[in-house]
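Read off the chains here:
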Amino acid sequence: MDFLWEGLREAVRLVASGDAHVFHAVWVSLLCTLLSVSLASLVAIPYGAWLGLYRPRGARPQVFLLRVGMALPTVILGLLVYALLSRRGLLGGLDLLYTKAAIIAGEILLAFPLLATLAHGATAALDREVVETPLTLGAGRVRAMLRALGEVRTAIAAAYLAAFGRCLTELGIAITVGGNLRMRTRTLPSTIQLELSRGDFAGALAPGILLVLLACGAAVVTYRLAREDRR
């Protein structure tokens, strides 16, 4: 127990002192996560809603593939992006490997199936009148979809936050295509892994504390959104 308390005290000291390496990892994690979730949602949310509301031909296999995508280990997605961005890869000429852009590309692949699947589930459960009424009144499919998404806005917000948490805490992509470079592409999870491999428990616990605080913040936002929606 002394080992744990000593590590916790040192971790709190590192956080309170504003350790540059720890807070740079916070910035990289938040930047990559927010950009990847935002970019993925531009296509994933409308696509999932389209599958759930209009149930086009071939919707079932598409939903199945999205669920498979949700279950893929992050290291596999990292290998896929690595194959594309390495010197011998299709996009090797862009020289993006071991950059934040590479991490963002991998996390887009991570967030997309999660966002699309949750949007599909939320809209598929709606009463059909929510979609059919605007269509019979002359509204186009896009406006009808927007109205339906408004009806499930809490579920969509929860989908965003679930994708945020998934991308924020992932490790495989950050290490495989980010390279875990100091003050460049090092994220909170990769910092934890590196410090533990060095035997520095306090150095691993400090970013761990910040990661937990960010996760708690996301949970509080989800709770408040759900509460406002019930009102």
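From a predicted model like this one, the values you see are computed outputs, not experimental measurements.

For the rest of this paragraph, the subject is the overall build of the protein. Within the protein, the regular secondary structure consists of eleven helices and zero strands. Counted from the first residue to the last, the protein has its helices and strands arranged as α-α-α-α-α-α-α-α-α-α-α. A buried classification covers 42% of the 231 residues belonging to the protein. Counted over contacts in the protein with a minimum sequence separation of 6, partners at least 24 positions apart contribute 77%. As displayed, the protein has an accessible area near 12,700 Å², and 64% of this comes from carbon and sulfur atoms. Both charge centroids of the protein, one from 23 positive and one from 15 negative side chains, sit 8 Å from each other.

Looking now at the environment of L118. Its place among the elements puts L118 in helix α5 (residues 100-124). With 52 residues separating them along the chain, L118 and E170 place their C-alpha atoms 19 Å apart. Once residues within four sequence positions are removed from consideration, L118 is found in contact with A159 and A162.

With 13 residues, helix α3 (residues 59-71) should reach 18 Å at 1.5 Å per residue; the first-to-last C-alpha distance of 19 Å fits that figure. The inward-facing, buried residues of α3 contact α2 (20-54) and α5.

Scanning all chains against the criterion turns up two aromatic pairs. Grouped by ring-pair contacts, the aromatic residues Y47, W50 and F112 constitute a single cluster.

The next point concerns helix α7 (residues 141-151). Residues that lie three or four places apart on an α-helix share one face, since the helix turns once every 3.6 residues. Taken together, the buried positions of α7 are A144, M145, A148 and L149. Buried residues along α7 cover an arc of 140° about the axis, so they all sit on one side. For α7, the exposed residues lying more than 90 degrees away from the buried face are V142, R143 and L146.

Covalently bonding the sulfur atom of one cysteine to the sulfur atom of another cysteine gives a disulfide. Counted according to the given criterion, the structure contains zero disulfides. The thiol sulfur of C32 is not disulfide-bonded, and the nearest other cysteine sulfur, from C167, lies at 9.8 Å.

Contact pair α2 / α7: the axes reach a minimum separation of 10 Å and the direction vectors enclose 95°. Considering the angle they form, α2 stands roughly perpendicular to α7. Where α2 approaches α7, its residues I45, P46, A49, W50, L53 and Y54 are matched on the opposing element by R141, A144, M145, A148 and L149.

Right, let's talk about a nonpolar patch on the surface for a bit. Where nonpolar side chains cluster on the molecular surface, the patch consists of F64, L65, V68, L72, V75, I76 and L79 and spans about 620 Å² of accessible area. Of all the secondary-structure elements, those providing two or more residues to the nonpolar patch are α3 and α4 (74-85). Considering the arrangement of structural elements, one finds V75 in helix α4. Exposure remark for V75: the relative accessible area of 39% places this residue in the partly exposed category.

Attention now moves to the packing of α4 against α5. Where α4 meets α5, the axes come as close as 9 Å, and the angle between the chain directions of the two elements is 130°. With respect to α5, the element α4 is oriented oblique. Between α4 and α5 the crossing geometry is right-handed. Packed against α4, whose contacting residues are T74, L77, L80, V81 and L85, the element α5 presents A102, A105, G106, L109 and L110 at the interface. Class assignment of the residues belonging to the contact of α4 with α5 gives a composition of eight nonpolar, two polar and no charged.

Two side chains bearing opposite charge may form a pair once their charged atoms approach each other closely. Enumeration according to the criterion identifies one salt bridge in this entry. Residue R198 pairs with E195 through a salt bridge whose shortest N-O separation is 3.4 Å. Note on R198: relative accessible area 56%, which makes it exposed.

Glancing now at the nonpolar core. With 37 residues, the main nonpolar core has L53, A111, L115 and L149 as its most contacted residues. When residues of this core are traced back to their parent elements, those giving at least two are α2, α3, α4, α5, α6 (129-136), α7 and α8 (153-169). Contacts of L53, omitting those with residues within four sequence positions, involve T123, L126, R128, V131, M145 and A148. Grouped together as the second largest cluster of nonpolar side chains are 15 residues, F164, L168, I192 and A204 included.

Calculation notes
Residues numbered from 1 in each chain as written. Predicted model: local features only at pLDDT ≥ 70, side-chain atom pairs only at ≥ 80, totals over all residues. Heavy atoms only, no water. Helix = DSSP H or I, 4+ residues; strand = E, 2+ residues; numbered from the N terminus. Buried < 20%, exposed > 50% of the residue type's maximum accessible area, 1.4 Å probe, protein only. Contact = heavy atoms within 4.5 Å. Areas by Shrake-Rupley, 256 points an atom, 1.4 Å probe, with all protein chains shown as cover. Lys, Arg positive; Asp, Glu negative; His and termini not counted. Charge placed at Lys NZ, Arg CZ, Asp CG, Glu CD. Expected span 1.5 Å × (residues − 1). Phe/Tyr/Trp six-rings, centres within 6.5 Å; stacked < 30°, edge-to-face > 60°. Arc of directions from axis to C-beta. Disulfide = S-S within 2.5 Å. Axes fitted to C-alpha atoms, helices over the stretch in contact; angles between N-to-C directions. Parallel < 35°, antiparallel > 145°, perpendicular 65-115°, else oblique. Patch = residues over 30% accessible without salt bridge, like charges linked within 9 Å, V, L, I, M, F, W, Y side chains within 5 Å. Salt bridge = Lys/Arg side-chain N within 4 Å of Asp/Glu carboxyl O. Left-handed = near helix turned anticlockwise from the far one by under 90°. Nonpolar A, V, L, I, M, F, W, Y, C, P; charged D, E, K, R; others polar. Core = buried A, V, L, I, M, F, W, Y, C linked by side-chain atoms within 4.5 Å.

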